[in-house]
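Working through the structure, step by step
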Amino acid sequence: MTSTRFDIIVIGAGISGLTSALALRESGASVALLDRGPPGTEASWAGGGILCPLYAWRYPTPVLAMAAEGMRRYPALIDSLDSRIDPERIVSGMRILDPVGPGETRDGITTTLAQAGIQHEWQPGDDQPALWLPEVANVRNPRLLEALVDTVRARGIELFAHRAGQEVLARSGRVEGVRTPASDLAAERVVVAAGAWSKTLVPGMREDSLFPVRGQMLRLEPRAQNGLDHILMDEGVYLIPRVDGSVVIGSTVEHAGFDKTVDDTAQARLHAAACRLWPSLAGARITHRWAGLRPGSVDELPVLGEHPAIEGLWVNTGGFRNGLAMAPATADLLAGMMTGKPTTLDPAPYRVERLLDT
Ligand SMILES: Cc1cc2nc3c(=O)[nH]c(=O)nc-3n(C[C@H](O)[C@H](O)[C@H](O)COP(=O)(O)OP(=O)(O)OC[C@H]3O[C@@H](n4cnc5c(N)ncnc54)[C@H](O)[C@@H]3O)c2cc1C
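Residues numbered from 1 in each chain as written. Predicted model: local features only at pLDDT ≥ 70, side-chain atom pairs only at ≥ 80, totals over all residues. Heavy atoms only, no water.

**Points about the packing of helix 1 (residues 15-25) against helix 5 (residues 141-154)**
Relative orientation and spacing of two packed helices are given, respectively, by the angle between their axes and the distance between those axes. For the pair helix 1 and helix 5, interaxial distance at closest approach is 10 Å and the crossing angle is 30°. With respect to each other, helix 1 and helix 5 are oriented roughly parallel. Between helix 1 and helix 5 lies a crossing of left-handed hand. Note on element contacts: helix 5 touches helix 1 through L144, L145, L148, V149, T151 and V152, opposite I15, L18, T19 and L22. (Axes fitted to C-alpha atoms, helices over the stretch in contact; angles between N-to-C directions. Helix = DSSP H or I, 4+ residues; strand = E, 2+ residues; numbered from the N terminus. Parallel < 35°, antiparallel > 145°, perpendicular 65-115°, else oblique. Left-handed = near helix turned anticlockwise from the far one by under 90°. Contact = heavy atoms within 4.5 Å.)

**A few points about the sheet that holds strand 15 (residues 247-250)**
Across the sheet, eight strands lie side by side as 5-6-4-13-14-15-12-16; this open sheet has mixed pairing. For this open sheet the edge positions go to strand 5 (121-123) and strand 16 (286-297), each flanked by a neighbour on one side alone. Between one strand axis and the next, the sheet turns through 20° on average, direction left out of account. (Pairing = 2+ DSSP bridges.)

**Some words on the nonpolar core**
Counting residues in each nonpolar core, the largest one holds 47 residues, and the members touching the most others are V10, L24, L33 and Y74. With nine residues, helix 7 (residues 323-339) is the single largest residue contributor to this core. Filtering out sequence-adjacent residues up to four positions away, V10 remains in contact with G17, A21, L24, V31, A32, L33, L34, V191 and A193. Counting residues in hydrophobic clusters, the runner-up holds 27 residues, among them M94, L113, A116 and M217. (Core = buried A, V, L, I, M, F, W, Y, C linked by side-chain atoms within 4.5 Å. Buried < 20%, exposed > 50% of the residue type's maximum accessible area, 1.4 Å probe, protein only.)

Put into structure tokens, the structure is as follows:
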């Protein structure tokens, strides 16, 4: 163990770890943040940056509540950044052409969205009415992550890049620190925010509890004639307009283990669907293709809370398809629980216990 001792070590510098570290630092704690690679280059980098769940009413209530709270908190998060990098959050709105799925009704969707405080209106559509969500924003997530890294450094959080947390060290049911290849680091408390890789760092997690879910994306070159100024969604495919005129297209949902391969068939399907949805995209050059691994959980809920058998071991993962949208809310809830401050949301649905071996 090194002689340096931190109040808190956060493992994983994606959106969950970066926002958690910042929220915890506010209480005056000394915080270290470890990433086994460059910070902010996994799921949080790969995501679309839509700050609202897709077909939001289909998620369990605790996911929608967390995402809606995250959406409300984003402007303050962006304002608080200590960086010259602009994350390019734009309130573009989102239009969904096929909102009413099997077994759903317009009234049911209206009620759920109203309860979550998500503004919406119905518009005439082709096969069915379209749903317009005027307040939905999107953010250029790779830029947001860079700005968060700058902010973490500016706030005195010790960032260890290329330093894997190999194991959480605990004795007699109490956290002592983190084992890393270079040395063991001592800490009072540890937060596991290692995205899809979190399971092995949390003792006792059930085999089926947490897993990676691959998503493939592509991006089209900026062109004036792209002409898309809002997020457009149909049959699970979405188009996101960026500030520079480029358009991001997503996404697949694949259970393929820890494999980030991009495959031509899936990419061609996404591209063709996008050109059908917004014909002026035809002819735009594909500039990037990529895949990322979402941190999935077996009940689709985030995993947030203290380990029941290891005092001082906390978890913040399971963002699945909404980890970017939820991040300011999950970080705030985690920090509230860890510092004993009152929290806006009830933490009960997210607790770690539900995913542990009994
Ligand atoms: C294609 C795609 C599209 C998406 N679109 C959206 C969207 O539009 N809106 C939205 O809200 N969400 C979206 N998501 C989901 C969102 O990106 C994720 O839920 C979120 O980024 C998860 O963040 P995270 O910090 O938990 O994980 P990650 O970003 O994966 O970060 C985990 C970090 O932990 C590090 N790590 C892992 N193991 C260790 C270790 N042992 N030691 C140290 N560090 C370690 C990794 O290197 C990584 O940096 C999308 C995801 C994908 C893949």
